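Survey of secondary and tertiary structure
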Amino acid sequence: MLGSLIVILLVIYGSYLALSFCRLRDRAYKTKLPCISFPISGLNLFFLALFETRMVPYLVNACFSSSLVDHINNNVFKYRWTVKDRFCKRYGGVYMHVTPTTLTCMVSDATVAYQICTSRRSFTKPLHLYESIAIYGPNVITLEGSQWAHHRRCTAMTFNEKNNALVWEESIRQTTEMVQHWIQQHSQNPHEFVLTDAREDILKLTLNIICSVAYGVKLPFKPIQRITADSTGGLFRDATTPPPGYHFTFRSVMEYMNKNLITVFMANSFLPKWLSRAAKPYFKKDFDAFYDLHQYLQALVSIAETKKPHDHNLLEGLLDSRRTGEHHVRYNQGLSDSEILGNLYIFMIAGHETTATTLRFALVLLALHQDAQDYLYDGIRQATYDEPASPSEWDYSSVYPKLVSPLCVMLETLRMFPPVVSVPKWTGETPVDIIYNNQSYLLPPGVLVSLNLGGMHYSEEYWGPNAGVFDPKRWDKQNKESFLAQNDGIEGLFGPGLEYDTIHRPVRGSFLPFSDGSRACMGKKFAQVEIVIALTTIFREYRVELAKVIEHETHEDMCQRAEKVLQESLAFLTLSMRDEVPLLFRKRSSD
Ligand code: HEM
């Protein structure tokens, strides 16, 4: 009886999937764009679970033809990046991808990507993908339309040059402390040491920077072991036990919330209220962390409201949007308390892992490519030879613009390993036209549009024959041989993150690590200042090489191992290396 019931249910479900597949394929064909079908949805939980293991992707790679492997990987969000530009070579820069439950328009054509980014009303953000991150309140990432415009106006003013100067100052302080920490850890030979796992330290570095620059909480790189954090004045300080009424210290709640995003979101956002209450014992830490961070953020807002703004952190900027006076009139009452908390939290989510993963990739790429590292070091020396010995005395506004080689390293890292590999858009309620290869195509309503950065960032059409090579010099305006030099003088190429006269610019729409148009990243300069000065602080003193993991490993073996780790990076929320590449740091004076 039960068996027959299961069979009947399976038949009904199978028929539903088959019908849905035919219907979606029909809609895809009607667009007249190339169409690729895959029999299993990338959202299918069983399929996803298989690809969470290491064995299944390994077997897929080992057993199937490279073309089939690409088809499978293209269907799994985590692996899609690995296909790079191979699908656009085969099917063109825009094609429809159909599964039994999804219809997606995949875009790797720069002109179409730019059209989409700049048509905000036709191509909105698929908000259902972002709902769960509004756990502390509505914010600039999770809204659309006039509500988004209001949040964008109120938050944009806080990302200014005064705040960037704070990023500069704090990044120097934190990076210097991080390097000192490495030296202390290797006190037997501080001139030459191996870092087997940089991940945790880099995550701590970028978290501390955002805590200071967004919230005004200055944490030392290395936690201080006090017994307890006391009342308001010491609420945010390091301690071994949390302050009264809290389960976590400020540092530990920030770390917990970042490391356990999925369970925190599940407990506090995905699950219906009755279910989350029933599951409380299993998610206790996630509830506690959510509650504690709420209290900490509220305390920050209360303290900041009673003080005169003084260090231009992002919180002060948000509060400024609702102070009386000129801003009040201009920004229509500013943001409410829950909107301020929502945005404060989202700045941490948007700005922490993205910058950490870029720095981690840059370290490994520079260790692999010593020529690029020489270029970086020469550029740093030229830019800073007449500056004081200690970076803490460098002036942001005069030194930052001279640091061209670290900027080029950052841009090249973002090209090859963009933290956000796919920018999602949505065609909404009505059909939308796109112009592709001078022809008009009508996309149906309710279609997900995926701006596929792997396709664009590796395309020889936009980057030349060495598109697959890490070559920071391609960006440098001094390099007249660069393929990008052909774009010099073309108007309108100042995309987000490319607002510098010292660099060449690619075709608009072909480089989208920060997206483009009115919904482009608000923290792009923040991230650039942070990464540029962090690289400068490390590489002016140290040369970084690949370290051996076994005694007789040859240089070639080390390079192959590092390259494999890079290529096996996976995109979850951000693209990230799954495994570590041990690095050897040599002090430059002892070269
Ligand atoms: C390397 C570092 C970073 C990268 C690659 C990056 C990338 C991006 C991308 C691709 C988007 C658009 C996402 C979408 O439309 O779905 C975005 C939006 C955003 N980013 Fe970043 N980001 C970085 C750092 C930061 C930092 C440091 C902050 C703030 C402290 C920040 C704040 C934001 C905000 C608030 C938005 C939403 C803008 C809106 O929807 O109007 N980002 N970022």
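Here is what the cut-offs are and how they apply
Residues numbered from 1 in each chain as written. Predicted model: local features only at pLDDT ≥ 70, side-chain atom pairs only at ≥ 80, totals over all residues. Heavy atoms only, no water. UniProt positions renumbered as here; feature names shortened; annotations may be inferred. Axes fitted to C-alpha atoms, helices over the stretch in contact; angles between N-to-C directions. Helix = DSSP H or I, 4+ residues; strand = E, 2+ residues; numbered from the N terminus. Parallel < 35°, antiparallel > 145°, perpendicular 65-115°, else oblique. Left-handed = near helix turned anticlockwise from the far one by under 90°. Contact = heavy atoms within 4.5 Å. Nonpolar A, V, L, I, M, F, W, Y, C, P; charged D, E, K, R; others polar. 1 Å grid on protein atoms, 1.4 Å probe; cavity = no way out; pocket = protein on both sides within 12 Å on 5 of 7 lines; lining within 4 Å. Points joined across faces, edges and corners; volume = space filled by probe spheres on them. Domains from an automatic or database assignment. Donors = N, O, S within 2.8 Å, 3.2 Å for Na, K, Ca; no water. Buried < 20%, exposed > 50% of the residue type's maximum accessible area, 1.4 Å probe, protein only. Salt bridge = Lys/Arg side-chain N within 4 Å of Asp/Glu carboxyl O. Pairing = 2+ DSSP bridges. Core = buried A, V, L, I, M, F, W, Y, C linked by side-chain atoms within 4.5 Å. Expected span 1.5 Å × (residues − 1). Near = heavy atom within 4 Å. Polar contact = N/O pair within 3.5 Å; in protein donor to acceptor, adjacent residues only side chain to side chain. Arc of directions from axis to C-beta.

The chain is annotated in an unreviewed UniProt entry as Cytochrome P450 from Aspergillus avenaceus. For the chain, the Cofactor (unreviewed entry) comment in UniProt is given as "heme".

One way to put it is that helix α11 (residues 250-259) packs onto helix α14 (residues 284-306) with a least axis distance of 10 Å and a crossing angle of 125 degrees. Between α11 and α14, the crossing angle belongs to the class labelled oblique. By crossing handedness, the relation of α11 to α14 is classed as left-handed. Note on element contacts: α14 touches α11 through K285, D286, A289, F290, D292, L293 and Y296, opposite F250, V253, M254, Y256 and M257. Partitioned by chemical class, the residues of the contact of α11 with α14 number nine nonpolar, no polar and three charged.

Space inside the second largest pocket adds up to approximately 680 Å³. Forming the walls of the second largest pocket are 26 residues, and the residues nearest its centre are R199, N258, K259, E353 and F572. For the lining of the second largest pocket, the secondary-structure elements that each account for two or more residues are α2 (45-52), α5 (77-80), α10 (199-215), α11 and α12 (261-270). Among the elements that line the lining of the second largest pocket, the one with the most residues is α10, at five residues. Counting only domains with at least three residues in the lining of the second largest pocket, you end up with domain 1 (2-137) and domain 2 (156-186 + 198-351).

Bringing the coordination of the iron atom of the ligand into the picture now. Counting protein donors around the iron atom of the ligand gives one, C521 (SG), at 2.3 Å. Here C521 is to be found in the loop between α23 (460-463) and α24 (524-539).

A few words now on the UniProt feature "binding site: heme" (unreviewed entry) in the chain. UniProt's feature table lists "binding site: heme" (unreviewed entry) at C521, given in the numbering used throughout. Overall, C521 belongs to the partly exposed group, its relative accessible area being 31%.

Another aspect to go through is the pattern of salt bridges. Opposite charge on two side chains permits pairing when their charged atoms draw close. Here the structure, examined in full by the defined rule, presents 29 salt bridges. In this structure, E52 engages K78 in a salt bridge whose closest nitrogen and oxygen atoms are separated by 3.1 Å. Here K78 lies in helix α5 and E52 lies in helix α2, a separation of 26 residues in the sequence. Put simply, D579 and R54 hold a salt bridge, and the shortest N to O gap is 3.0 Å.

So, on to the sheet that holds strand β8 (residues 448-452). Spatial strand order, β1-β2-β3-β8-β5: five strands in an open sheet with mixed pairing. Both edges of this open sheet fall to β1 (35-37) and β5 (422-426), since each of them pairs with a single strand only. Each adjacent strand pair in this sheet contributes to an overall mean axis angle of 25 degrees, direction not counted. Across five bridges, the pairing between β5 and β8 is antiparallel. Paired with S422 across the bridge in β8 is N452. Across the sheet, helix α7 (residues 110-118) is in contact with β2 (94-98), β3 (103-107), β5 and β8; its angle to β8 comes to roughly 125 degrees.

Before going further, it helps to spend a moment on the nonpolar core. One finds W168, Y215 and Y345 to be the most contacted residues of the largest nonpolar core, which totals 134 residues. Each of two domains, domain 1 (2-137) and domain 2 (156-186 + 198-351), supplies a minimum of three residues to this core. With residues up to four places along the chain from it excluded, the contact list for Y215 reads I210, F250, M254, L297, L300, N313, L315, L344, Y345 and M348. In this structure, V94, C105, A113 and F123 belong to the second largest nonpolar core, which totals 27 residues.

A rise of 1.5 Å per residue sets the reference length of helix α21 (residues 404-416), with its 13 residues, at 18 Å; its end C-alpha atoms lie 18 Å apart and thus fit the reference within 8%. Most of α21 is tucked away: 13 of the 13 residues are buried.

This part covers the environment of Y296. As for its position among the elements, Y296 is in helix α14. Accessibility expressed as a relative area gives 0% for Y296, which makes it buried. Along the chain, Y296 and T249 lie 47 residues apart, while their C-alpha atoms are 9.3 Å from each other. Residue contacts for Y296: discarding those within four places in its chain leaves L235, F236, P243, Y246, F248, T249, F250 and V253.

If you check the shell around the ligand, you find 28 residues, and the closest are Y130, W148, R152, R519 and C521. Residue R519 places a side-chain N or O atom 3.0 Å away from an oxygen atom belonging to the ligand. Elements with a minimum of two residues in the shell around the ligand: α8 (145-156), α17 (337-351), α18 (353-368), β5 and α24. Among the residues forming the shell around the ligand, the class breakdown is 19 nonpolar, six polar and three charged.

The next subject is the side chain of E553. On the secondary structure map, E553 appears in the loop between β9 (542-546) and α25 (555-567). Polar contacts involving the side chain of E553 include one to the side chain of R561, which spans 2.8 Å. Not counting residues up to four positions away in its chain, the partners in contact with E553 are A547, K548, M558 and R561.

Moving on, we come to α25. Working note: α-helix, 3.6 residues per turn, so residues spaced by three or four point in the same direction. In this model, α25 (13 residues) spans 18 Å end to end at C-alpha, consistent with the 18 Å of a helix rising 1.5 Å per residue. Every buried residue belonging to α25 is among M558, C559, A562, V565 and L566, and all of these are buried. Across the axial projection of α25, the buried residues extend over an arc of 125 degrees, all falling on one side. Exposed and oriented more than 90 degrees from the buried face of α25 are E556, Q560 and K564. Against α18 and β9 lie the buried residues of α25.

Turning to the pairing of strand β12 (residues 583-587), a few remarks are in order. In terms of burial, β12 is a largely internal element, four of the five residues being buried. As judged from the four bridges shared by strand β4 (residues 192-195) and β12, these two strands associate in the antiparallel manner. Residue pairing for β12: V194 is matched across the bridge by L584. Sheet topology note: the β9/β12 ladder contains five bridges and is antiparallel.

Turning our attention to the sheet that holds β4. As summarised here, the arrangement of the three strands in space is β4-β12-β9, forming an open sheet in which the pairing is antiparallel. Every other strand in the sheet has two partners, leaving β4 and β9 as the edge strands with one partner each. Here the strands of the sheet are splayed against their neighbours by 25 degrees on average, with no regard to which way each runs. Most of the contacts of helix α9 (residues 161-185) go to β4, to which it runs at about 105 degrees, and overall it touches β4, β9 and β12. In this fold α18 packs onto β9 and β12, with an angle of close to 80 degrees to the strand it touches most, β9.

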